[in-house]
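# Examination of the molecular architecture
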Amino acid sequence: MRLFSATLATETNTFSPLPTSLLAYQEAVFLRPGEHPGDAPRMCTAPLFVARRRGARDGFTLIEGSCFAASPAGTTNRRDYEFMRDEILGQLGAAMPVDGVLLGLHGAMVAHGYDDVEGDILERVRAIVGPDCVIGVELDPHCHMTVKRVRLADVIVCYKEFPHTDVVERAEDLVDLVLGMLRGRIKPVMSLYDCRQISSYPTTLPLMRAFVDRIKAMEGKDGVLSVSVAHCFPYADVPELGSRILVVMDNDKATGDAVATELGEELVSMRGKTVPNFLSMADAVTAALEVGDGPVVLAEPADNAGGGAPSDNTEILRHLVERGVTDAALGPIWDPVAVRLCFDAGLGATFPLRFGGKTAPTSGAPFDAMVDVVGLARDCWQSFGDAQVPLGDCAAVRVDGVDIVLIAKRTQALSLELFTNLGIDPRTRRLVVVKSTNHFMAAFGPIAKKVIYVATGAPLNRDYRKIPYTRVVRPIWPLDEVTAPALIL
Ligand SMILES: [Zn+2]
């Protein structure tokens, strides 16, 4: 038995001021066949990582293709997308005949000329391998679960947790399903329900926690092979944006349809109840200081690099310094130029630095201050579940009572290492500000005395009615009050 695996992934915020080119993939994940490290998956590469571990045990040969992944940002340029795609397709062609294909995609990638990159990849993969080859795909739940890709793949599995702590477990599920199908043990059929809504669904909040736990309990029983909640990725102007439920059933489409409809209707009934409360900056800081001892974690989802934001907005920092808040740490601010200047100044230096506030009007004004360079570290990374996420060279600067982590490779706050790499222990700080939507919760939730979500003027607006969509199929909640959720496949 021969399986082929590859990855081409990013999460595209079509409103982001940061275009995505080959360079962004080269800076993040750019691994040719055989180059994938064995210690952990890299971003969306878990299917290849898991398949490599399981090949000998489960009796198949894995043919490794290239793995390309970039940090979320704007639309990928056409030439670079086609270059990476065609490299993988060429490898697949050379590997034929194969029995199965395992793809680690994201699900919300957009390239110029391609609204549905994953659908395009699947169409071309299917054309090479033919109708009998089993194609399995792992997607991030922040995806656009288009009809095209559900038609073209045999099995699609999304991560269930947000924060995404189950990327490897879900890749194990995917490999199980693909092998089960190849050995004739199961005949997966997929049903897709469109909830006609845009929302966010952190699984650290009670309602979604219970929903996901119940879904997990359903799997493996009564023919239910897999259930995925495609949350949607709100910051993309593509027609099939929106939350959908995907059910993979064993050879029983009618029951799969019923399960998808029931769960979909339940998700519709949860509209508006799955998101945390957001406070204004002033109220959030006041509430944090009232707690007394720390650490209180303040999250700024609007400047989450993981959603394609630049992560260089300076509003919260300015507010903290103006209010004279001390014993605080904040990160990350993406500013490779400022990092370079800090290295040039040297550890222990005090010098005038301009940082942040660069990329777009939503970045706010640059921050000018006499800073103390309190930490420098080359080529850092932070962990996220089993994966390692690169931060590049990092610098910590102190402005009054606030320590700020500056990074060279743009990414969100995922683990305490963001701070500890530079000698800052967030567990001992009164206030810790993180730029992240909810992935920070995996590492910062357990150390936080309290978590507060803050609304700022950074680009990822949580009020989806204010996002200037022009191509999203309407009606959809909350842009429209009256919608028509339905089973669509
Ligand atoms: Zn995601």
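Residues numbered from 1 in each chain as written. Predicted model: local features only at pLDDT ≥ 70, side-chain atom pairs only at ≥ 80, totals over all residues. Heavy atoms only, no water.

## Focus: the overall build of the protein
Where we set the bar: Each helix is a run of DSSP H or I of at least 4 residues and each strand a run of E of at least 2, with the numbering of both proceeding from the N terminus. In this setup the radius of gyration rests on C-alpha atoms only. A globule is expected at 2.2 Å times the number of residues raised to 0.38. Working rule for contacts: check all heavy atoms of both residues, and any pair within 4.5 Å makes them a contact. We get accessible surface area from the Shrake-Rupley algorithm with a probe of 1.4 Å; when it comes to residues, only the shown protein chains can shield them. When charges are counted, Lys and Arg contribute as positive and Asp and Glu as negative, whereas His and the chain ends are disregarded. Here the site of a charge means atom NZ of a Lys, CZ of an Arg, CG of an Asp or CD of a Glu.
Counting secondary structure elements, the protein contains 13 helices and 19 strands. What you see for the protein is a C-alpha radius of gyration of 22 Å, in line with the 23 Å of a compact globule of 489 residues. The long-range fraction of contacts in the protein, counting pairs at least 24 apart against all pairs at least 6 apart in sequence, stands at 74%. Summed over all atoms, the accessible surface of the protein reaches about 17300 Å², with 53% contributed by carbon and sulfur. Across the protein, 49 positive and 61 negative side-chain charges occur, with their mean positions spaced 1 Å apart.

## A short note on the packing of helix α9 (residues 281–290) against helix α10 (residues 315–322)
Rule in force here: Between the N-to-C directions of two axes lies an angle of 0 to 180 degrees, each axis being a line fitted to C-alpha atoms and, for a helix, fitted only over the stretch in contact. Comment on the angle field: the value is read as roughly parallel under 35 degrees, roughly antiparallel over 145, roughly perpendicular from 65 to 115, and oblique elsewhere. Left-handed describes a crossing whose near helix is turned anticlockwise from the far helix through less than a right angle; right-handed describes the clockwise counterpart.
Packing of α9 against α10 leaves a shortest axis separation of 11 Å and a crossing angle of 55 degrees. Comparing their axes, α10 and α9 come out oblique. Where α9 crosses over α10, the two elements pack in a sense that is right-handed. Here M281, A282 and V285 of α9 come into contact with α10, specifically with E315, I316, H319 and L320.

## Some words on the sheet that holds strand β17 (residues 431–434)
Short version of the rule: By the convention used here, strands pair only if DSSP detects at least 2 bridges between them.
An order of β10-β18-β11-β17-β12-β16-β15-β14-β13 is seen for the nine strands of this open sheet, with the pairing classed as mixed. Each edge of the open sheet is held by one strand with a lone partner, namely β10 (278–279) and β13 (350–355). Here strand β14 (residues 367–384) pairs with strand β15 (residues 387–399) via ten bridges, running antiparallel. Bridging from a neighbouring strand, A377 pairs with C394 of β15. Strands β10, β11 (296–299), β17 and β18 (450–454) of the sheet are contacted by α9, whose axis makes an angle of about 170 degrees with β18.

## Here we look at the pattern of salt bridges
The criterion, for reference: Between Lys or Arg on one side and Asp or Glu on the other, a salt bridge is scored when a side-chain nitrogen of the former is within 4 Å of a carboxyl oxygen of the latter. We call a residue buried when its accessible area falls under 20% of the maximum for its residue type, exposed when it is over 50%, and partly exposed in between, using a 1.4 Å probe and counting protein chains only.
Tallied over the full model, the rule gives 43 salt bridges. Close ionic contact of R42 with D39 constitutes a salt bridge, the shortest N to O distance being 3.3 Å. Judged by relative accessible area, R42 falls into the buried class, the value being 15%. Salt-bridge contacts for K160 lead to E219; the nearest nitrogen and oxygen are separated by 2.7 Å.

## Section: the side chain of S66
Which entries qualify depends on this criterion: Whenever two N or O atoms come within 3.5 Å, that pair is a polar contact, provided that in protein one can donate a hydrogen and the other can accept it, and provided that, for residues adjacent in sequence, both atoms are side-chain atoms.
Following the sequence through the fold, S66 ends up in strand β3 (residues 61–69). What makes S66 buried here is its relative accessible area of 0%. A polar contact of 2.6 Å, which involves the side chain of S66, links it to the side chain of E87. Residues within four places of S66 in sequence aside, it is in contact with A6, T7, L31, R32, P33, E87, I88 and Q91.

## Details of the nonpolar core
Buried together is how nonpolar side chains tend to be arranged in soluble globular proteins. Stated formally: Throughout, nonpolar core names a set of buried Ala, Val, Leu, Ile, Met, Phe, Trp, Tyr and Cys residues whose side chains join them through atoms within 4.5 Å.
V101 and M145 are the most contacted members of the largest nonpolar core, which totals 74 residues. Broken down by element, the residue count for this core peaks at eight residues, all from helix α6 (residues 167–182). When sequence neighbours within four positions are dropped, the list of residues in contact with V101 reads F4, L92, V125, V129, C133, V134, I135 and G136. Residues V325, F343, A349 and A369 belong to the second largest nonpolar core, which totals 37 residues.

## Examining helix α8 (residues 253–269)
Heads up, the condition is: One less than the residue count of a helix, multiplied by 1.5 Å, gives the span that helix is expected to have.
With 17 residues, α8 extends 24 Å from end C-alpha to end C-alpha; this agrees with the ideal 24 Å at 1.5 Å per step. For α8, the secondary structure elements touched by its buried residues are β7 (188–194), α7 (206–218), β8 (224–230), β9 (244–250) and β19 (486–487).

## Regarding the coordination of the zinc ion
The cut-off we apply is this: In this analysis a donor is any N, O or S atom within 2.8 Å of a metal ion (3.2 Å for sodium, potassium and calcium), and since water is not included, sites may seem incomplete. Every geometry call rests on angle ranges, with four donors termed tetrahedral when all angles are between 85 and 135 degrees, four termed square planar and six termed octahedral when opposite donors are over 155 degrees apart and all others are between 65 and 115, and everything else termed irregular.
The coordination sphere of the zinc ion contains the protein donors D140 (OD), D140 (OD), H142 (ND1) and H164 (NE2), at a distance range of 2.1 to 2.6 Å. Around the zinc ion, the four donor atoms are arranged such that angles at the metal cover 54 to 145 degrees; this shape is classified as irregular. The sequence pattern describing where the donors of the zinc ion fall on their chain is D-x1-H-x21-H. Here D140 is found in the loop between β5 (134–139) and α5 (147–152), whereas its partner H164 is found in the loop between β6 (155–158) and α6, with 24 residues between them in sequence. Accessibility expressed as a relative area gives 7% for D140, which makes it buried.

## Examining unusual backbone geometry
Here M96 and P97 are connected by a cis peptide whose omega angle stands at 5 degrees. Within the element layout of this structure, P97 appears in the loop between α3 (78–95) and β4 (100–105). The linkage connecting R474 with the following residue, P475, adopts the cis geometry, with an omega of -5 degrees. By the secondary structure assignment, P475 is in the loop between β18 and β19.

## Description of the sheet that holds β8
Strand order across the open sheet formed by four strands is β8-β9-β7-β19, with antiparallel pairing between neighbours. If you trace the sheet from one side to the other, it starts and ends with β8 and β19, each paired once. Two strands pair when backbone bridges link them, and β7 and β19 are joined in this way by two bridges, in the antiparallel orientation. Opposite Y193, over in β19, you have L487 as the bridge partner. Sheet strands touched by α7: β8 and β9. Its angle to β8, the strand with the most contacts, is close to 155 degrees.

## Re the packing of aromatic side chains
Basically, it comes down to this: Pairing of aromatic rings covers Phe, Tyr and Trp, the last through its six-membered ring, and needs centres within 6.5 Å; plane angles under 30 degrees mean stacked, over 60 mean edge-to-face, and all others mean tilted. Over a ring means this: the NZ of a Lys or the CZ of an Arg is within 6 Å of the ring centre and within 35 degrees of the ring normal.
Going through the model one piece at a time under the given rule, you end up with nine aromatic pairs. A centroid spacing of 5.9 Å and a plane angle of 65 degrees characterise the contact between F440 and Y453, whose relative ring orientation is edge-to-face. Residue F440 is found in the loop between β17 and α13 (441–444), and its partner Y453 is found in strand β18; the two are separated by 13 residues along the sequence. Exposure class is identical for F440 and Y453. Each is buried. Through successive ring pairs, a cluster of aromatic residues spans F233, Y235 and Y464. One Lys or Arg, R378, reaches over the ring of F343 and ends 3.9 Å from the middle of that ring. A cation over a ring is seen here: R410 above W334, with NZ or CZ 5.8 Å from the ring centre.

## Observations regarding helix α11 (residues 336–345)
We apply this condition: Arc definition: directions from the helix axis to the C-beta atoms.
Taken residue by residue, α11 has A338, V339, C342 and F343 as its buried positions. Mapping the buried residues of α11 onto a view down its axis gives an arc of 140 degrees, with all of them on the same face. Opposite the buried face of α11, at more than 90 degrees from it, the exposed residues are V337, R340 and D344. Residues of α11 that are buried sit in contact with β13, β14, β15 and β16 (402–407). Phi turns positive one or two residues past the end of α11, at G346, with a value near 95 degrees.

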